[in-house]
Structures are given as structure tokens and as C-alpha cells.
Amino acid sequence: MSTRDQILSLFYGRKGDCLSGQEISEQLGISRAAVWKQVKSLREQGFRIEAKHAQGYRLLEAPELLLSTDIKRSLETRVIGSEIISLQEVDSTNVQIKKLAERGAAEGTVLIADRQSAGRGRLGRRWESPSGVNLYCSILIKPQMPVQQAPQLTFLSSVAVVETLSEVCSLSAQVKWPNDILVNGAKICGLLNEMDAETEMLHYVILGIGVNLNMAVEQFPPQLNYPATSVLREMGQRVDRARFLKVLLEKIDQSYDDLQKDGFASIRRRWESLCDIMNKRVSVSQQFDELTGTVVGLDPDGALRVQGDTGGIERILAGDVRLLET
Ligand code: BT5
């Protein structure tokens, strides 16, 4: 734990009572001057810390930052969140966690950032990541599974996000194959899984999750491919980001455990029940042709099963799926 996080733990342990500079310096084994520097830096980060003569410091208010100590304190998980790193700004949480993975970071490591300067979408696209309002999170896992089954992990994250939106925000969202989450047709979350594998087996997978939580209408960039939305826009109220993240990590942890013990069946059933194109007519644009048919389910390798209007079941591995008017 960093010195800063240790000081915050001491403050939280005091529940609003005073903590003397002497006590902090003894507990952490640092000088009084170093304590003062840490307090100054916490104030600059938005913590309201009162200094009372002869009594010490008192934490009055913490900023609405996503702090690893806050999240870790109440997190009930088995693997996910074994380590939580919270940064103010990164280029991309996926890029940074990949570096940690290469240096041997533990399974379950989570990296979150308040802002991304180069948030990544698929195929080199950009994920808009303004400061202080949304969730930008990457999770490192090391599943014992063959490469072909890696797409199952995208469905695992998307089910967890939709269930968290429902539980924490009372918001009903749908999954869109393969990696979007929509509310009334507008994108509220994007998922970007990246993996490292050798021959047939996975080394590690990064689950990248971006959810628009408290982003206001004027913060949406004007030229997006799809309409976008946020919880604030849909529900008219702000979400506590730390609570959202805690519930999300717990759901991912549970689903990851289920996946490893019982296989894909339960995630597949949940995904199918949250997918608004199940049993509906769609058109699928692929690289060289277009198919129309009815969606009938999901295969274990993540392929969408579509009953073609002319012919049998087609397995769609990549393409753009559009709902047809009925
Ligand atoms: C995605 O790509 O939807 C995957 C986004 C994953 C973002 C997370 S944040 C944490 C982690 N670290 C990263 O660097 N990335 C992951 P794609 O399907 O390619 O969609 C990208 C398209 O969505 C863009 O071209 C825009 O049209 C649109 N878009 C960009 N930012 C958006 C936002 N904040 N909300 C809604 N739509 C957005």
C-alpha cells in the first residue's frame, strides 16, 4: 500500500475523529514533514482535511474519486480485485494493465482511471473518456481455457454490466452482439477484451470496460457512430461510481467462478435473456455479403446463430447486426 493510501486508511479508521501528526508519523515510520507533505497533496486532490492546533488532522470530506482503498475496504470477491490500482489519468487502462501483466501482475488485478487520454475502442477506434464522471476499468484474468473460448469472457462482462446497471441504477439495458450495451438503442457501455496466447492456450485476458455513468449531455462528443447515453442522462441522477464498481467486480468474480466450475451454459442463458434481438429478424452485414434471418442463440465460441431466410443456420463470427422492422 502506498503512503498516501496508508494515511487514508488511518483517517477512515478514525471515522471523522482527529489524528495527530505524531501518531501518523509513528504508525507509518515517516517524518512529520513527510506527513505534512502527504496531507498537502491529499488536499490538492480534493480531500477536505482540517488541521486543529494541538489535536491534529481530521478528514471532513473525500472527493468523488475512485480510490482503491475505498473499493477494497468493502469488496467481497474471491479473485477479482486481488490488487486494485486507481490512477488519476492514463492513456488507456488496457494499455497500462498489459504492461503490468507482462511484469507478472497477479490474476484479478484491476486498474481504474479517472480519465483516459487515449481510451481505446475496437479496430483502432477511440473511447471518449472525460474526467471524473464515468468508469474506465481493466481487469486482468488468467483463465485456464483454450483460445477459441476466449469470446465467452466478453459475454461474461456484458451480463455483469447489465445486471449492475439494473441493481445499482434501476436501469434496464440490453446487450448487443458482440460487445455493446445499449439503453433504448443508445450506447451506454463498450467492452474491449484483449488477450495474450501461445499456441492453443491463453496466457492472460484483459477485460476492458467503459461505462458512461455521470456524463452530462454536453460532454458527449458530437460525431459518434451510434447515439450514446449515460445513467445520468437516462435516470436524471448521479451514480456513486465506487458503489457501481464494487457491485460490478463482485458480479464478474461470481460469474468467472461459475464459468470455470460449470462452463458457459449459465452465462449464455443470461446473455440470451438480456439480448433484445433474440428471436427477432435482423440483417447482418459481413465483409463481403449481407444476410437476413432470425437470431436463434449464441454458440459457445461466441458466434451468433442466425436462421437464414433462405437456408439453414449461419454462424456469425464478425459483422454488424441491425434489427429489421417487423
Ligand atoms: C468499444 O469499441 O465499444 C470498446 C470500448 C472500450 C472502452 C474501455 S474503457 C476501459 C478500457 N480501456 C480502454 O482503452 N478501452 C477500454 P467500439 O465497439 O469500437 O466502439 C467505439 C465507438 O463508440 C467509437 O467509434 C464511437 O463512435 C463510440 N464511442 C466512443 N466513446 C463513446 C462513449 N464514451 N460512449 C458511447 N459511445 C462512444
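Worth saying up front: this structure is predicted, and the values here are computed from it rather than measured.

A. Up close: the packing of aromatic side chains. Inspection of the entire model under this criterion finds two aromatic pairs. Between phenylalanine 155 and phenylalanine 264, the ring centres sit 6.3 Å apart and the planes meet at 55°, which makes this aromatic pair tilted. A residue pair is termed long-range when its members are at least 10 positions apart, and phenylalanine 155 in helix H6 (residues 152-169) and phenylalanine 264 in the loop between helix H8 (241-262) and helix H9 (265-273) qualify at 109 residues. The burial state of phenylalanine 155 is the same as that of phenylalanine 264; both residues are buried. Where phenylalanine 155 meets tryptophan 271, the ring centres are 5.2 Å apart and the plane angle is 85°; that geometry is what we call edge-to-face. Note that phenylalanine 155 is positioned in helix H6 and tryptophan 271 in helix H9, a separation of 116 residues in sequence. Owing to a relative accessible area of 1%, phenylalanine 155 belongs among the buried residues under this scheme. When its relative accessible area of 1% is taken as the criterion, tryptophan 271 is described as buried. Through pairs of rings, three or more aromatic residues link up here, namely Phe155, Phe264 and Trp271.

B. Examining the environment of threonine 292 more closely. Assignment of secondary structure puts threonine 292 in strand S11 (residues 290-298). You can call threonine 292 partly exposed: its relative accessible area is 31%. Threonine 292 has contacts with Arg281, Val282, Ser283, Gly308, Asp309 and Leu324, leaving out every residue within four places of it along the chain. Of the polar contacts made by the side chain of threonine 292, one reaches the side chain of aspartate 309; its length is 2.9 Å.

C. Local environment of the packing of H6 against H8. At their nearest, the axes of H6 and H8 sit 9 Å apart, and the two run at 140° to each other. Accordingly, the angle class assigned to the pair H6 and H8 is oblique. The two elements H6 and H8 meet at a crossing, and its hand is right-handed. Residues Gln152, Leu153, Leu156, Ala160, Val161, Glu163, Thr164, Leu165, Glu167, Val168 and Cys169 of H6 lie in contact with H8, whose contacting residues are Arg243, Phe244, Val247, Leu248, Lys251, Ile252, Ser255, Tyr256 and Leu259. Among the residues forming the contact of H6 with H8, the class breakdown is 13 nonpolar, three polar and four charged.

Parameters and conventions
- Residues numbered from 1 in each chain as written.
- Predicted model: local features only at pLDDT ≥ 70, side-chain atom pairs only at ≥ 80, totals over all residues.
- Heavy atoms only, no water.
- Phe/Tyr/Trp six-rings, centres within 6.5 Å; stacked < 30°, edge-to-face > 60°.
- Helix = DSSP H or I, 4+ residues; strand = E, 2+ residues; numbered from the N terminus.
- Buried < 20%, exposed > 50% of the residue type's maximum accessible area, 1.4 Å probe, protein only.
- Contact = heavy atoms within 4.5 Å.
- Polar contact = N/O pair within 3.5 Å; in protein donor to acceptor, adjacent residues only side chain to side chain.
- Axes fitted to C-alpha atoms, helices over the stretch in contact; angles between N-to-C directions.
- Parallel < 35°, antiparallel > 145°, perpendicular 65-115°, else oblique.
- Left-handed = near helix turned anticlockwise from the far one by under 90°.
- Nonpolar A, V, L, I, M, F, W, Y, C, P; charged D, E, K, R; others polar.

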